[in-house]
Amino acid sequence: MMINPLANHASAHRSAEGQALMERGYTILRGAAPPAFVRRVGADLDARFTATPFCEGGFYGERTKRFGRLLIRSPLVADLVLNRAVLDLAELALGNWCERIQLNLSQAIEIHPGALPQFPHRDQDMWQSALGEVEYLVNVMWPLTPFTADNGATMIWPNSHGVEALVEEPKEAPIVAEAEPGDAIVFLGSTLHGAGANHSSAARRSIIVSYCLGWLKPYENQWLAYPPDIAKAFSPELAALAGYAQHRPNLGNFEGQCPSILFAGYPAEPVAAIDALRPDQSALLADHIAWQRCALDEERAA
Ligand SMILES: O=C(O)CCC(=O)C(=O)O
Ligand SMILES: [Fe+2]
């Protein structure tokens, strides 16, 4: 099934990083953002890290802190979410299965000394759907502090993606995604991974930004994280990623229209529901309506 023919033209398709992502299940974009910029993002998030309680439960990790809604925690996060090289990779991996991608989550993670390695997992397992055929998600880890083997850098199992998700045991040993602020660790939703153990004496901080198919239920409820009064300040591209765009046909509409109409306030008067169809559906519909009109004309002429 190819929903979005434009996906094949993504420039990432021809890049070495695009090839690595699709062939090995992950790639690391070195220097995807200026390190000083990423450190400023870290500074913006600092107070929130301190104030946030430790997570509960073995998956999140009890020596780990997490919080979401990063687009309101630092205005700089928008630039990471909209990073062109990253978006190209996300569109490359997901474009065959949807017409537009959406933001699945933005989450800050702090892994404290003494944290155990995280349960190795595939992020796509949050959706109970067909495996091995469709990619649902692309994950991007932006280190805020250096990622080392000692402090809990993400572990990634190369070549564990795609149909390999149907196989119980990964064929290869994991790699440790050592990286610096400014690097972007990109991996597929079908790639086995998990945070490493933190054996160091300092916390490991990072941001995850993930993108998923535009018709899926995202992990973080974007409309609640960024209600219209907040999202109206976003650029159109960012607002669309945060759910203020329909996924044709008509998914995510408000009163039959694009939810971005709410940026002007809730409509005081009733509004018309307007078709938002894919071109193939529009063409089928146009044929059908033409046939109906013809039949009606013939009936009248008889
Ligand atoms: O923090 C990390 O390195 C990985 C976190 C992760 O995979 C997750 O929370 O789903
Ligand atoms: Fe994960």
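For the structure, see preceding data.
What counts, and where the lines are drawn
Residues numbered from 1 in each chain as written. Chains lettered and ligands numbered in written order. Predicted model: local features only at pLDDT ≥ 70, side-chain atom pairs only at ≥ 80, totals over all residues. Heavy atoms only, no water. Donors = N, O, S within 2.8 Å, 3.2 Å for Na, K, Ca; no water. Helix = DSSP H or I, 4+ residues; strand = E, 2+ residues; numbered from the N terminus. Buried < 20%, exposed > 50% of the residue type's maximum accessible area, 1.4 Å probe, protein only. Contact = heavy atoms within 4.5 Å. Phe/Tyr/Trp six-rings, centres within 6.5 Å; stacked < 30°, edge-to-face > 60°. Lys NZ or Arg CZ within 6 Å of the ring centre and 35° of its normal. Pairing = 2+ DSSP bridges. Axes fitted to C-alpha atoms, helices over the stretch in contact; angles between N-to-C directions. Near = heavy atom within 4 Å. Polar contact = N/O pair within 3.5 Å; in protein donor to acceptor, adjacent residues only side chain to side chain. Areas by Shrake-Rupley, 256 points an atom, 1.4 Å probe, with all protein chains shown as cover. Nonpolar A, V, L, I, M, F, W, Y, C, P; charged D, E, K, R; others polar.

### Overview of the coordination of the iron ion (ligand 2)
Part 1: Taken together, the protein ligands of the iron ion (ligand 2) are His121 (NE2), Asp123 (OD) and His193 (NE2), with distances of 2.1 to 2.3 Å.
Part 2: Each donor residue of the iron ion (ligand 2) lies on the same chain, and together they follow the pattern H-x1-D-x69-H. Remark: His193 occurs in strand S8 (residues 193-195) and Asp123 occurs in the loop between strand S3 (101-111) and strand S4 (137-143); sequence separation between them is 70 residues. Like Asp123, the residue His193 is buried in the burial classification.

### Topic: the side chain of Gln222
Part 1: Along the chain, Gln222 falls in helix H6 (residues 222-225).
Part 2: Overall, the relative accessible area of 3% leaves Gln222 in the buried class.
Part 3: The residues contacting Gln222, other than those within four sequence positions of it, are Leu103, Asn104, Leu105 and Ala242.

### Structural notes on the packing of aromatic side chains
Part 1: Going through the model one piece at a time under the given rule, you end up with 6 aromatic pairs.
Part 2: Here Tyr244 and Phe263 contribute two aromatic rings whose centre-to-centre distance is 5.0 Å and whose plane-to-plane angle is 45°, an arrangement assigned as tilted. With Tyr244 in the loop between helix H8 (236-241) and helix H9 (279-301) and Phe263 in the loop between H8 and H9, this pair connects stretches of sequence that are 19 residues apart.
Part 3: When its relative accessible area of 5% is taken as the criterion, Tyr244 is described as buried.
Part 4: Judged by its relative accessible area of 23%, Phe263 falls in the partly exposed class.
Part 5: Note that Arg24 overlies the ring of Tyr26, its terminal NZ or CZ placed 5.1 Å from the centroid.
Part 6: Seen from the ring of Phe54, Lys65 lies directly overhead, with NZ or CZ sitting 5.1 Å from the centre.

### Quick look at the environment of Leu89
Part 1: Among the structural elements, Leu89 can be located in helix H5 (residues 84-94).
Part 2: Sequence spacing of Leu89 and Asn221 is 132 residues, and the spatial spacing of their C-alpha atoms is 23 Å.

### Some words on the sheet that holds S4
In a beta sheet, neighbouring strands are held together by backbone hydrogen bonds and run either parallel or antiparallel to one another.
Part 1: In spatial order, the strands read S1-S7-S4-S9-S3-S2; together these 6 strands make up an open sheet with antiparallel pairing. This sheet does not close on itself; its edge strands, each paired only once, are strand S1 (26-29) and strand S2 (64-67). Going from strand to strand, the sheet's axes swing by 20° on average, the running direction of each strand aside.
Part 2: Pairing between S4 and strand S7 (residues 184-188): 4 bridges, direction antiparallel. Its bridge partner lying in S7, Val138 is registered against Leu188.
Part 3: Sheet contacts for helix H2 (residues 35-51): S2, S3, S4 and strand S9 (204-213); angle to S9, the most-contacted strand, approximately 100°.

### Looking at the sheet that holds strand S5 (residues 154-156)
Part 1: Read across the sheet, 3 strands follow the order S6-S5-S8 without closing on themselves; strand pairing throughout is antiparallel. Unpaired on one side and paired on the other, strand S6 (175-176) and S8 mark the two borders of the sheet.
Part 2: Both S5 and S6 contribute to a ladder of 2 bridges, which runs antiparallel. Bridging across to S6, Ile156 finds its partner in Ile175.

### Here we look at the site of ligand 1
Part 1: Around ligand 1, the neighbouring residues are Arg66, Ile109, Ile111, Gln118, His121, Asp123, Met141, Thr154, His193, Ala195 and Arg204.
Part 2: Residue Asp123 places a side-chain N or O atom 3.4 Å away from an oxygen atom belonging to ligand 1.
Part 3: Interatomic distance of 2.6 Å between a side-chain N/O atom of Thr154 and an oxygen atom of ligand 1.
Part 4: Relative to its unbound accessible area of 290 Å², ligand 1 is 95% covered by the protein chains.
Part 5: Among the secondary structure elements, those contributing two or more residues to the shell around ligand 1 are S3 and S8.
Part 6: Residue composition of the shell around ligand 1, by class: 4 nonpolar, 4 polar and 3 charged.

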